[in-house]
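Descriptive analysis of the structure
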Amino acid sequence: MTNKSVENIEITCERTIPASPDEVFDAWLDPKIPGTPFHENEKLIVNPMVDGLWYWLFRGQPHYGRFTEFRRPGRIRHTWMSRKTLGEETMVTVTFQKKGEGTLMTLVHSGFASDGMAQAHEKAWNFILGNFAEIFGSERTAGNKTVTGQSI
Amino acid sequence: MDRLTPVLTAISHPTRRAIIAQLANGPARFLDVAKPFDTALNSVTKHLKLLGRAGLIERRRRGREVLISFRGEPLREVAGWVHEYESFWNERLDQFEQYFRNKKKKEKSE
């Protein structure tokens, strides 16, 4: 499931993973495991603790952040900065909740339109996300490209 | 990425958004663009200048008339930027989920 809130430009993704929250939590920070945020890298430094910093060089693009919450096995929160966040600190929050025999994993990437960009641009974002389909009609999917292997 | 800023600035004003919505229906002459607004023509000119700087409109001469038309590409770039993050996380989580499904299958078969 994916949800985009037009008010805060927040991306939410959910998955149910067939493993316990402890296993999923530990795996999420293991760069050897496919699908984890730091999987595939040219250089990686991760200090997983509150106020610990991370650096991820991927396809020549540096990405930086700082862990702001680290609660095993329930929640990890860290900032995310890259060329594509326009120098702004965005926030990634991942929660792990027990669901049956598995784990409901919710990832929220927020803050795209915070501070520096947001105030003047909030209406602009709403306009883009709210009316884009209306303006472009069937061409809407042109902007919805697949980005496998791209740096974000 | 800096080229997104003029686009976001351009569409942050309601009048300019209304102009875009109007031009999305098809090219129009300056006076037709200005008609629905209560503002002075000078003000509409300024709005059009900002939209032009952002690459959201272009002017074309047709005979004696100058037609103003909407260009969607800059908006697509901005929307694509948000979609990139969405695609990135969805792909990562799909791979992550698949890793655990494969692991579970392997454990069962052993």
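On to the overall build of chain A. Counting its secondary structure elements, chain A contains 2 helices and 8 strands. Counting from the amino terminus, chain A carries its helices and strands in the arrangement β-β-α-β-β-β-β-β-β-α. Out of the 152 residues belonging to chain A, those deemed buried represent 30%. For chain A, the proportion of contacts with a sequence separation of at least 24, taken over those separated by at least 6, is 35%.

Residues and elements named next belong to chain A. Here the residue pair R72 and P73 is connected by a cis peptide bond, since its omega of 5° sits within 30 degrees of zero. Relative to the elements of secondary structure, P73 occurs in the loop between strand 5 (61-71) and strand 6 (75-82). Despite not being glycine, E40 shows a phi value in the positive range, around 65°. Counting through the fold element by element, E40 comes out in the loop between helix 1 (21-28) and strand 3 (43-46). We note that D51 has phi near 75°; this positive angle belongs to a residue other than glycine. Here D51 is to be found in the loop between strand 3 and strand 4 (53-58). What makes D51 exposed here is the crowd of 9 C-beta atoms within 10 Å.

This next bit is on the confidence of the model for chain A. Residue and element names in this part refer to chain A. Looking at chain A, pLDDT values average 76 and 67% of them are 70 or higher. In the model of chain A, strand 1 (residues 2-5) stands out as the element of lowest mean pLDDT, 46, in contrast to strand 3, which has the highest, 96. Scored below 50 in pLDDT, residues 3-7 shows 10 contacts in the model against residues more than four places distant or in partner chains. Confidence drops under pLDDT 50 across residues 114-121; counting only partners more than four residues distant or on other chains, this segment forms 12 contacts.

All names here are of chain A. In the sheet, strand 3 pairs with strand 4 via 4 bridges, with the strands oriented antiparallel. If you follow L44 over to strand 4, its bridge partner there is W56. Counting the residues in the hairpin turn of strand 3 and strand 4 gives 6 residues, including D51, whose phi is positive at 75°.

A few words on the nonpolar core. Residues V24(A), L107(A), V7(B), L51(B), L56(B), I57(B) and W89(B) are the most contacted members of the largest nonpolar core, which totals 41 residues. Considering every element that reaches this core, the biggest residue donor is helix 5 (residues 73-109) of chain B, with 10 residues. Sequence-distant contacts of I57(B), that is, excluding residues within four places in its chain, are made with L23(B), L48(B), L51(B), G52(B), I68(B), S69(B), F70(B) and R71(B).

Our next topic: the packing of helix 2 (residues 14-23) of chain B against helix 4 (residues 41-53) of chain B. Residue and element names in this part refer to chain B. Their axes nearest at 10 Å, the elements helix 2 and helix 4 cross at an angle of 70°. When the interaxial angle is binned, helix 2 and helix 4 end up roughly perpendicular. Mapping the contact onto sequence places T15, R16 and I19 in helix 2 and H47, L50 and L51 in helix 4.

So, about helix 5 of chain B. Between its first and last C-alpha, helix 5 of chain B extends 52 Å over 37 residues, near the 54 Å set by a 1.5 Å rise per residue. L75(B), R76(B), V78(B), A79(B), V82(B), Y85(B), S87(B), F88(B), W89(B), L93(B), F96(B) and F100(B) are the residues of helix 5 of chain B that are buried.

The next subject is the sheet that holds strand 3 (residues 65-70) of chain B. One key point about sheets: their strands pair by backbone hydrogen bonds, in either a parallel or an antiparallel sense. All names here are of chain B. Ordered in space as 1-3-2, the 3 strands form an open sheet in which the pairing is antiparallel. The sheet is open, and its two edges are formed by strand 1 (28-29) and strand 2 (57-62), each paired on a single side. Examined bridge by bridge, strand 1 and strand 3 share 2 bridges and lie antiparallel to one another. Within strand 3, the position partnered with A28 by the bridge is I68. Set on the sheet, helix 2 makes contact with strand 1, strand 2 and strand 3; between it and strand 3 the angle comes to about 105°.

Residue and element names in this part refer to chain B. Inspection of the secondary structure puts R17 in helix 2. Residue classification places R17 among the partly exposed residues on the basis of 18 C-beta atoms within 10 Å. With 34 residues separating them along the chain, R17 and L51 place their C-alpha atoms 9.5 Å apart.

As a further point, take the pairing of strand 2 of chain B. The pairing of strand 2 of chain B with strand 3 of chain B spans 6 bridges and is antiparallel. For E58(B), the partnering residue across the bridge sits in strand 3 of chain B and is S69(B).

Looking at helix 2 of chain B, one finds that the buried residues are R16(B), I19(B), I20(B) and L23(B). Buried residues of helix 2 of chain B fall within an arc of 100° about the axis and therefore sit on the same side.

Definitions and cut-offs
- Residues numbered from 1 in each chain as written.
- Chains lettered and ligands numbered in written order.
- Predicted model: local features only at pLDDT ≥ 70, side-chain atom pairs only at ≥ 80, totals over all residues.
- Helix = DSSP H or I, 4+ residues; strand = E, 2+ residues; numbered from the N terminus.
- Buried ≥ 20, exposed ≤ 12 C-beta atoms within 10 Å, placed from the backbone.
- Contact = placed C-beta atoms within 7 Å.
- pLDDT = per-residue confidence, 0-100.
- Pairing = 2+ DSSP bridges.
- Core = buried A, V, L, I, M, F, W, Y, C linked by C-beta atoms within 7 Å.
- Axes fitted to C-alpha atoms, helices over the stretch in contact; angles between N-to-C directions.
- Parallel < 35°, antiparallel > 145°, perpendicular 65-115°, else oblique.
- Expected span 1.5 Å × (residues − 1).
- Arc of directions from axis to C-beta.

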